[in-house]
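Here are the chains, one letter per residue:
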Amino acid sequence: MSDRADGGAAAAPTPAGPQPEPIRFFGTTWVGHDGGYGLRRAGVAAGALAAAVAGCFVLRFAYQGLAIAEVGNFVNLLVVIMFAVCSAIAFRKTWEGFTRRPADTAAEASLRSLKMIGFVGSLLAYFFRSLAEAPGEKLHRAEYDQAIVQYERRRGSRTGNPAARKKPKRK
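Position numbers for residues start from 1 in each chain and track the written sequence from start to end. Note on the predicted model: pLDDT of at least 70 is required for a residue's local features to be given, and 80 or more for side-chain atom pairs to be given and counted; whole-chain, interface and lining totals, by contrast, use all residues. Values shown for side chains rest on all heavy atoms present in the structure; no hydrogens or waters enter the calculation.

1. Examining the overall build of the protein chain
The following threshold applies: Working definition: helices are DSSP H or I runs of at least four residues, strands are E runs of at least two. Numbering for both runs from the N terminus. Throughout, exposure labels follow a simple rule: accessible area from a 1.4 Å probe, protein chains only, divided by the maximum for the residue type, with under 20% read as buried, over 50% as exposed, and the rest as partly exposed. The contact rule is simple, with two residues in contact once any of their heavy atoms fall within 4.5 Å. In this description, accessible areas are obtained by the Shrake-Rupley approach with a 1.4 Å probe, and a residue is regarded as covered only by the protein chains that are shown.
A tally of regular secondary structure across the protein chain gives six helices and zero strands. Overall, the protein chain shows an N-to-C arrangement of helices and strands of α-α-α-α-α-α. In the protein chain, buried positions account for 22% of the 171 residues. For the protein chain, long-range pairs separated by at least 24 residues make up 71% of all intrachain contacts whose partners lie at least 6 apart in sequence. Working note: accessible area of the protein chain is about 12300 Å², and carbon and sulfur atoms make up 62% of it.

2. With respect to the packing of aromatic side chains
The condition is simple: Note on aromatic contacts: the rings of Phe and Tyr and the six-membered ring of Trp form a pair at centre separations within 6.5 Å, being stacked when their planes are under 30 degrees apart, edge-to-face when over 60 apart, and tilted otherwise.
Counted under the stated rule, the structure contains eight aromatic pairs. On the basis of an interplanar angle of 85 degrees and a centroid distance of 6.5 Å, the ring pair of F25 and Y126 is categorised as edge-to-face. Linking F25 in the segment before helix 1 (37-69) with Y126 in helix 5 (residues 119-132), this pair joins segments that are 101 residues apart in sequence. Residue class for F25 comes out exposed when judged on its relative accessible area of 53%.

3. Here's the deal with the side chain of T29
For T29, the location among the structural elements is in the segment before helix 1. The residues touching T29, leaving out its near neighbours within four places in the chain, are D34, G35, Y37 and R40.

4. Description of helix 2 (residues 73-97)
Which entries qualify depends on this criterion: Given a helix with a known number of residues, its expected span is that number minus one, times 1.5 Å.
When the terminal C-alpha atoms of helix 2 are compared, their 36 Å separation across 25 residues agrees well with the 36 Å that a helix rising 1.5 Å per residue should span. Of the surrounding secondary structure, the elements contacted by the buried residues of helix 2 are helix 1, helix 4 (112-117) and helix 5.

5. Digging into the nonpolar core
Rules: Here, nonpolar core refers to any group of buried Ala, Val, Leu, Ile, Met, Phe, Trp, Tyr and Cys residues whose side-chain atoms link them within 4.5 Å.
Among the nonpolar cores identified, the biggest contains 13 residues, and I23, F26, W30, Y37, Y126 and A134 are the most heavily contacted of them. For this core, the elements supplying multiple residues, two or more each, are helix 1 and helix 5. The leading source of residues in this core is helix 1, at four residues. Residues within four places of Y126 in sequence aside, it is in contact with R24, F25, V44, A48, F98 and P135.

6. Some remarks on the pattern of salt bridges
Worth spelling out the cut-off: Basic side-chain nitrogens of Lys or Arg form a salt bridge, by our definition, when they fall within 4 Å of a carboxyl oxygen of Asp or Glu.
Per the counting criterion, the structure on display carries eight salt bridges. Across the salt bridge formed by E96 and R92, the nearest N and O atoms sit 3.3 Å from each other. One end of the pair is E96 and the other is R92, both in helix 2 and four residues apart, which spans about a single turn. Residue E96 is classed as buried on the basis of its relative accessible area of 19%.

7. Quick notes on the confidence of the model for the protein chain
Note the following rule: The score called pLDDT rates the predictor's confidence residue by residue, from a low of 0 to a high of 100.
Of the residues in the protein chain, 84% reach a pLDDT of 70 or more, and the chain-wide mean stands at 85. Mean pLDDT across the elements of the protein chain bottoms out in helix 3 (residues 105-110) (84) and peaks in helix 5 (95). Here residues 1-8 scores under 50 on pLDDT; set against residues more than four positions off or in separate chains, the count is five contacts.

8. Focus on unusual backbone geometry
Working note: non-glycine residues mostly have negative phi, and peptide bonds are mostly trans. The phi dihedral of F25 is positive, around 75 degrees, even though this residue is not glycine. Located in the positive-phi region is H33, a residue other than glycine, with phi close to 50 degrees.

9. A few points about a nonpolar patch on the surface
Worth spelling out the cut-off: Patch membership needs two things, relative accessible area over 30% and no salt bridge, and members are linked within 9 Å if like-charged or within 5 Å if nonpolar (Val, Leu, Ile, Met, Phe, Trp, Tyr).
Together, L49, V53, F57 and F61 give the surface a local cluster of nonpolar side chains, amounting to about 370 Å² of exposed area. When you line up the elements, F61 lands in helix 1. Residue classification places F61 among the exposed residues on the basis of a relative accessible area of 51%.

Structure representation (C-alpha cells):
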C-alpha cells in the first residue's frame, strides 16, 4: 500500500527553471512542436474558419429578420456598418494580442463587448494566425526564451556552496 495521501504513485519532479506557459488547444506542445502540434494547428484553423462561416450565416439570418420586419434601409445599413466596424476592430485587437501583452488591461476589458459583437473578426484572426503558428506562440516563445536566459544568468552567477564559505571572525 502507498504511503502517499492520494494513494497514487509519486509524480515526476518538476524540472528546475522556468516552465513554458500553455497555449489554449496546444498546451506546451508549441515548445518543441511535438505531440501532434501540426494536427492541432490544422484543427484549430479549420475550427476557427468553420465557426466564422457559421457566424456569418447567423448574421445573415439576423439581417433577413430585419428585412422581414421591414425596419427600413437606414437601420439595415447601420447594422451592416456596425458589424463590419466591430469585426475589423476585433480582428485588429485579437491579432495584436498574439504579438504583445496589452499595456492597459482596463481598456482591453472595455473592448470585450465590442470584440463579442465582432466575433467573426476574432475568429478570422485566429484562423489566419494558426496557418503560420499556434496563436500567441511568438509572444510565448519570446517570454519563455527570455525567462530561460535570466534563469541561466542567475544560476551561473552562483559559485560554490555558500555554507562552506569562511565567515569573518567577530572581534
